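# Commentary on secondary and tertiary structure
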Amino acid sequence: MKIAVIGAAGKAGTHILREALMRNFDVTAIVKNKATLQEENIQIIESDLFNLTKEQIASFDILINAFAPLPGEEHLHITAGQHLISLLEGTTKKLFVVGSSGCLFVNREKTVRLMDLEDYPEELAPAAKAQLQNLHDLESSSIQWTFAIPSAMFDSDGPRTGHYIKGEEKILVNSQFNSYISYADFAVALLDEIEKNEYQNTTFTVASENVTAAS
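Now for a description of the structure that goes with this document. (Residues numbered from 1 in each chain as written. Predicted model: local features only at pLDDT ≥ 70, side-chain atom pairs only at ≥ 80, totals over all residues. Heavy atoms only, no water.)

### Thoughts on helix α1 (residues 11-22)
Along its twelve residues, α1 runs 17 Å from first to last C-alpha, staying within 8% of the 16 Å computed at 1.5 Å per residue. Within α1, the full set of buried residues consists of Ala 12, Gly 13, Thr 14, His 15, Ile 16, Leu 17, Glu 19 and Ala 20. Where α1 terminates, the next one or two residues include Asn 24, which has phi positive at roughly 60 degrees. (Helix = DSSP H or I, 4+ residues; strand = E, 2+ residues; numbered from the N terminus. Expected span 1.5 Å × (residues − 1). Buried < 20%, exposed > 50% of the residue type's maximum accessible area, 1.4 Å probe, protein only.)

Structural data, given as structure tokens:
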């Protein structure tokens, strides 16, 4: 199985790339500037996401979209998603997307999403809305995909425990009543899903214990 991580130099991408390397996957980093990568001695495709071609991704079985636009450019989540869908149409390749917690439902009826709440951080709303459109575009597409959604608290400094709980569309809370996941444990869950392939053409979400808060 050959995997490509798009946005491998970002926060989520770095952890996903590192987890894939730990598992000895045949993994390639796709980045706009290879100088931004933290990992060394790895396979790299240096290319802007929006310039990626079918030829460049021809050898991969799995593409992971961990692209994270700069503030003010959140609409690029939609453009990037549509470009990747166009590249994968007519193939058997599968696209994994790192989504936004704002897309998670907060009520049993699945009528209210986290981003709809009054106290949802204003600065996160544009990305959440764009990611929701990205999800709708995936749902309307003919490709194989999985939309992986982190918890509301997405901690770049949290530890890799390897333990987590899973759900589908509704927000999860841990034993501390927090919706929390570290980037490292999110990467574990994502690579586990690549191996198990349990969530086909749908979403899934994960939560883990906030070890820092518990200590």
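### Looking at the packing of helix α2 (residues 76-88) against helix α3 (residues 125-139)
Interaxial distance between α2 and α3 falls to 8 Å at its minimum, and their mutual angle equals 20 degrees. By the criterion of interaxial angle, the relationship of α2 to α3 is roughly parallel. By crossing handedness, the relation of α2 to α3 is classed as right-handed. Facing His 77, Ile 78, Gly 81, Gln 82 and Ile 85 of α2, the residues of α3 in contact are Ala 127, Ala 130, Gln 131, Gln 133, Asn 134, Asp 137 and Leu 138. (Axes fitted to C-alpha atoms, helices over the stretch in contact; angles between N-to-C directions. Parallel < 35°, antiparallel > 145°, perpendicular 65-115°, else oblique. Left-handed = near helix turned anticlockwise from the far one by under 90°. Contact = heavy atoms within 4.5 Å.)

### What to know about the pattern of salt bridges
On inspection of all chains with the given rule, the structure shows eight salt bridges. Ionic pairing is found between Glu 39 and Arg 18, a salt bridge with its closest N-O pair at 2.9 Å. Placement of the pair is Glu 39 in the loop between β2 (26-31) and β3 (43-46) and Arg 18 in helix α1, with a sequence separation of 21 residues. Accessibility expressed as a relative area gives 22% for Glu 39, which makes it partly exposed. Note on Arg 18: relative accessible area 31%, which makes it partly exposed. A salt bridge links Glu 195 to Arg 23, with the nearest nitrogen and oxygen atoms 3.1 Å apart. Taken together, the residues span a long stretch of sequence, with Glu 195 in helix α4 (residues 183-196) and Arg 23 in the loop between α1 and β2 at a distance of 172 residues. Judged by its relative accessible area of 23%, Arg 23 falls in the partly exposed class. Put simply, Glu 19, Arg 23, Arg 160, Asp 192 and Glu 195 are held in one network by salt bridges that share partners. (Salt bridge = Lys/Arg side-chain N within 4 Å of Asp/Glu carboxyl O.)

### Some words on the nonpolar core
Ranked by size, the top nonpolar core spans 32 residues in total, and within it Leu 63, Leu 84, Leu 95, Leu 138 and Phe 147 carry the most contacts. At the level of secondary structure, the elements contributing two or more residues to this core comprise β1 (2-6), α2, β5 (94-98), α3 and β6 (144-149). Sorting elements by how many residues they give to this core places α2 first, with six residues. Every residue in contact with Phe 147, bar those within four places of it in the chain, is listed here: Val 97, Gly 99, Ser 100, Cys 103, Gln 131, Asn 134, Leu 135, Leu 138, Thr 202, Thr 203 and Phe 204. In this structure, Ile 62, Val 98, Tyr 183 and Phe 186 belong to the second largest nonpolar core, which totals 30 residues. (Core = buried A, V, L, I, M, F, W, Y, C linked by side-chain atoms within 4.5 Å.)

### Some remarks on the sheet that holds β6
Spatial ordering of the open sheet is given by β3-β2-β1-β4-β5-β6-β10-β8, a layout of eight strands whose pairing is mixed. Only two strands of the sheet have a single neighbouring strand rather than two, namely β3 and β8 (165-167). With strand direction ignored, the average angle separating the axes of adjacent strands in the sheet is 25 degrees. Packing of α1 onto the sheet brings it into contact with β1, β2, β4 (62-65) and β5, and relative to β2 it is tilted by some 160 degrees. Here α3 sits on the sheet and contacts β4, β5, β6 and β10 (202-207); the angle it forms with β6, its principal contact strand, is near 155 degrees. (Pairing = 2+ DSSP bridges.)

### Observations concerning the environment of Met 115
Locating Met 115 in the fold gives a position in the loop between β5 and α3. A residue is classified by how much of its surface remains accessible, and Met 115, at 15% relative accessible area, is buried. Taking the C-alpha atoms as reference points, Met 115 and Pro 126, separated by eleven residues in sequence, lie 9.5 Å from one another. Leave out the neighbours within four places in its chain, and Met 115 touches Gly 102, Cys 103, Tyr 120, Ala 128, Lys 129 and Leu 132.

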